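# Notes for the structure review
What follows is each chain in one-letter form.
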Amino acid sequence: MKHQKRFFNEILIRYNRYRDKLNRLIAEGKNLRKQDILRRRLKKMHLTLLTLQQAIRMATAGVALAGASLALMPQTANAQAFNAAVTNPFSLTNIGQFSAPAFADLDADGDLDMISGSKSGSFYYFQNTGSVSGPAFAAKATNPFGLNSTNTPFSTPAFADLDHDGDLDMMVGEKFGNFYYFQNTGTSSSPAFAAPVQNPFGIQYYDQSATTAFADLDNDGDLDMVSGGLNGNLTYYQNTGTVSSPAFAAPVKNPFGLTDIGNHSAPAFADLDGDGDKDMMVGTYGGYYPGGFFYFKNTGTSLSPAFASPELNYFGLTDIGTSSTPAFADLDNDGNLDMMSGAFSGSFYYFKNIPTETWTGASSGDWNTAGNWSENAVPNAFTNVNINAAGQSPIVNQGTATPALCNNLTINGGGMLSIEPGKALTVNGTLTNSEGVIGLIINSDAANGSGSLLHHTQNVPAYLSTTITGSATLTNYKYHLVSIP
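What this report covers is the structure whose coordinates are included nearby. All of these numbers come straight from a predicted model, not from anything done at the bench.

## Details of the overall build of the protein chain
Along its length, the protein chain carries 3 helices and 33 strands. Counting all 485 residues of the protein chain, 48% fall into the buried class. For the protein chain, long-range pairs separated by at least 24 residues make up 51% of all intrachain contacts whose partners lie at least 6 apart in sequence. Carbon and sulfur atoms form 52% of the exposed surface of the protein chain, whose accessible area is close to 20,200 Å².

## Section: unusual backbone geometry
For Phe98, which is not glycine, the phi torsion reads 70° and is therefore positive. With a phi angle near 55°, Ser209 is a residue other than glycine that sits in the positive phi range. Position of Ser209 among the secondary structure elements: in the loop between β9 (197-198) and β10 (211-215).

## Here we look at the side chain of Asp224
Relative to the elements of secondary structure, Asp224 occurs in strand β11 (residues 224-228). Buried charge without a salt bridge: Asp224, with Lys278 as the nearest opposite-charge side chain at an N-O distance of 12 Å. Here Asp218 takes part through its backbone nitrogen, which lies 3.4 Å from a polar atom of the side chain of Asp224. Reaching out from Asp224, the side chain makes a polar contact with the backbone nitrogen of Asn239 at a distance of 2.8 Å. Sequence-distant contacts of Asp224, defined by excluding residues within four places in its chain, comprise Ala213, Phe214, Ala215, Asp216, Leu217, Asp218, Tyr236, Tyr237, Gln238, Asn239 and Phe248.

## Some remarks on the sheet that holds β9
The strand order across the open sheet formed by 4 strands is β6-β7-β8-β9, and the pairing between neighbours is antiparallel. Single-partner strands in this sheet number two, and they are β6 (156-160) and β9. As paired elements, strand β8 (residues 179-182) and β9 share 2 bridges and run antiparallel to each other. Of the residues in β9, the one forming a bridge with Tyr180 is Gln198.

## Concerning the layout of surface pockets
The calculated volume of the second largest pocket comes to roughly 650 Å³. What lines the second largest pocket is a set of 28 residues, among which Phe159, Phe214, Ala268, Phe269 and Phe328 lie closest to the centre. Elements represented by at least two residues in the lining of the second largest pocket include exactly β2 (99-104), β6, β10, β14 (266-270) and β18 (325-329).

## Quick look at the pattern of salt bridges
In this structure the tally under the stated criterion is 3 salt bridges. For Asp273, the salt bridge identified is with Lys297, shortest N-O distance 2.2 Å. In this pair, Asp273 is assigned in the loop between β14 and β15 (279-283) and Lys297 in the loop between β16 (293-296) and β17 (311-312), connecting sequence segments 24 residues apart. Here Asp273 matches Lys297 in class, with each residue buried.

Parameters at a glance
Residues numbered from 1 in each chain as written. Predicted model: local features only at pLDDT ≥ 70, side-chain atom pairs only at ≥ 80, totals over all residues. Heavy atoms only, no water. Helix = DSSP H or I, 4+ residues; strand = E, 2+ residues; numbered from the N terminus. Buried < 20%, exposed > 50% of the residue type's maximum accessible area, 1.4 Å probe, protein only. Contact = heavy atoms within 4.5 Å. Areas by Shrake-Rupley, 256 points an atom, 1.4 Å probe, with all protein chains shown as cover. Lys, Arg positive; Asp, Glu negative; His and termini not counted. Salt bridge = Lys/Arg side-chain N within 4 Å of Asp/Glu carboxyl O. Polar contact = N/O pair within 3.5 Å; in protein donor to acceptor, adjacent residues only side chain to side chain. Pairing = 2+ DSSP bridges. 1 Å grid on protein atoms, 1.4 Å probe; cavity = no way out; pocket = protein on both sides within 12 Å on 5 of 7 lines; lining within 4 Å. Points joined across faces, edges and corners; volume = space filled by probe spheres on them.

Dropping the structure here:
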């Protein structure tokens, strides 16, 4: 049975990698032959995984293992799409030079408060006096709850319950590469931080400009640590202790397929593809990619992480300037993780997670008008789109060079979508048309030719408006590009 479980995990890792390759090819509209080969391989591998899962269940006849094997099964990734950055939202304010946010409910009122590091090493507390779905941050307070400056510049905090007493402690990286541990000796509703301890729990210095993030990467129940640094590497400190008594092993540079991103790496963990394991988003100082974000997708499992090659500014993210420091939190209580990033400017940049947009048609019929969408943002390649019978029906007017984009497209009963002559829409995910042929209209005319719809879902009903010019021999017949492949 042990061999079967290992074989299952090996196939699952390959399955996820092939799936990612296929999704990239589909999104880029490239290499149809390779797409077909990958689809056939994935189908065979999925059947093998199902067979192995059943065999493991039968061999163990135990609920615990059955549950664990289910968690390893390949799942359809949840699409993420982030709106354009908003600077200093929710009454946040600039703190001077360099900001590095971290979120925690420090007053136990059910919403998330924020603490930021700074160039001076002080900590700035923004209490959330709003609600769980409508944050409103009070004026900043300097070094509250007994916190004090590390007296070293560029402090970067991260919260974790490292002593397992039910409240959140704070670990801080800084310019000279040390880590400072602030144990929370108060309670979950009234924090009180003890004097900082430098490089606790056996943590060893590795690189300057240390940043830190926590996640249980080996699935043993305690929190491991990954640190960024000046040289752009990502350093892994495995927690070989316990959930209440951490002990960190010697640092390992760029494990699990992680790679150097250039300089000043700042990691944050989140399950961004909805497959049950932790992916990583990494901010950077600059160089060729000033203030951008590198996405490392975890293509392994919760037991055995394996990170794919980094993608720059994935999910529609954008550069924000020098020294991006991302942190994730569900700030609007919609079930999706939003991203807040600090930067050298000292401001805070909010990227709202908008995985699904619903057409409202409130402003016009133009697909490319932000005011026509529920989240006031034009969909991008990662956005799931719903079209209902609301307002004016959407009309695609973007040309083939810069087509309209979305991930999954769902046309519900009563909804209708039109693509104008010579214009184009690319659907990277699944296309569902529940309205039937009148729900999807692809137009053409003599001057501009046909509209184009690039997708990879079979048997989608559509109405094709054709144009015939010239003689009855149809020598100038205009045709429609409906689907590839």
